[in-house]
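What follows is the residue order along each chain.
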Amino acid sequence: MKANEEKKKTIQLCGNLLCPLVTGQCAVFKANGDIYRTSQVIAIHEVGTNSIRFETQNTHYHLLLSPYPAAVICQFPLEPAACA
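Residues numbered from 1 in each chain as written. Predicted model: local features only at pLDDT ≥ 70, side-chain atom pairs only at ≥ 80, totals over all residues. Heavy atoms only, no water.

Counted according to the given criterion, the structure contains two salt bridges. The partner of E55 in a salt bridge is K8, and the shortest N-O contact between them spans 2.5 Å. Highlighted residues: E55 in strand β4 (residues 51-56) and K8 in the loop between α1 (3-6) and β1 (9-17), separated in sequence by 47 residues. Note on K8: relative accessible area 11%, which makes it buried. A salt bridge links E46 to R53; the shortest N-O distance between them is 3.4 Å. Classification of E46 as partly exposed rests on a relative accessible area of 37%. (Salt bridge = Lys/Arg side-chain N within 4 Å of Asp/Glu carboxyl O. Helix = DSSP H or I, 4+ residues; strand = E, 2+ residues; numbered from the N terminus. Buried < 20%, exposed > 50% of the residue type's maximum accessible area, 1.4 Å probe, protein only.)

As structure tokens, then:
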């Protein structure tokens, strides 16, 4: 592991990408009411339906995509309806 990688901070935010995430370009996203522009993206580690993990020159990011999917999960057990 390179010395500069050991010093990188990790940031987790809930938000939305405003531009496609592209290696070699900065990432632009909105989170907590603010717009962020990162340093150059050097790696995209994980892309899922709920989150994205990527690394810039300075930071490891975990962006939880908003609206946060867990907020809409039903908290009550559901039973199938009887068919007539």
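What follows continues from the structure just given.
Inspection of every chain in the model, using the stated rule, returns four aromatic pairs. Pairing F29 with Y36 gives two aromatic rings, centres 5.2 Å apart and planes at 15°, and the pair type is stacked. Arranged with centres 5.1 Å apart and planes meeting at 15°, the rings of F54 and Y61 form a pair that is stacked. The class of F54 is buried, set by a relative accessible area of 1%. Overall, the relative accessible area of 14% leaves Y61 in the buried class. Aromatic rings pair up to connect F29, Y36, F54 and Y61 into one cluster. (Phe/Tyr/Trp six-rings, centres within 6.5 Å; stacked < 30°, edge-to-face > 60°.)

All right, on to the confidence of the model for the protein then. Per-residue confidence for the protein gives a mean pLDDT of 81; residues scoring 70 or more make up 71%. Low pLDDT, under 50, characterises residues 69-76; the stretch is placed with one contact to residues that sit more than four places away or in other chains. (pLDDT = per-residue confidence, 0-100. Contact = heavy atoms within 4.5 Å.)

Quick look at the sheet that holds strand β5 (residues 59-65) now. Read once around its circumference, the closed barrel built from five strands follows the order β1-β2-β3-β4-β5, with strand pairing classed as mixed. Ignoring which end each strand starts from, the neighbouring axes of this sheet average 55° apart. In the sheet, β4 pairs with β5 via five bridges, with the strands oriented antiparallel. Opposite S51, over in β5, you have L64 as the bridge partner. (Pairing = 2+ DSSP bridges. Axes fitted to C-alpha atoms, helices over the stretch in contact; angles between N-to-C directions.)

So, on to the pairing of β1. Relative to β5, β1 runs parallel, the two being bridged by seven bridges. Residue pairing in the sheet places T10 in a bridge with H60 of β5. Examined bridge by bridge, β1 and strand β2 (residues 26-31) share three bridges and lie antiparallel to one another. When the bridges of β2 are listed, N16 appears paired with K30.

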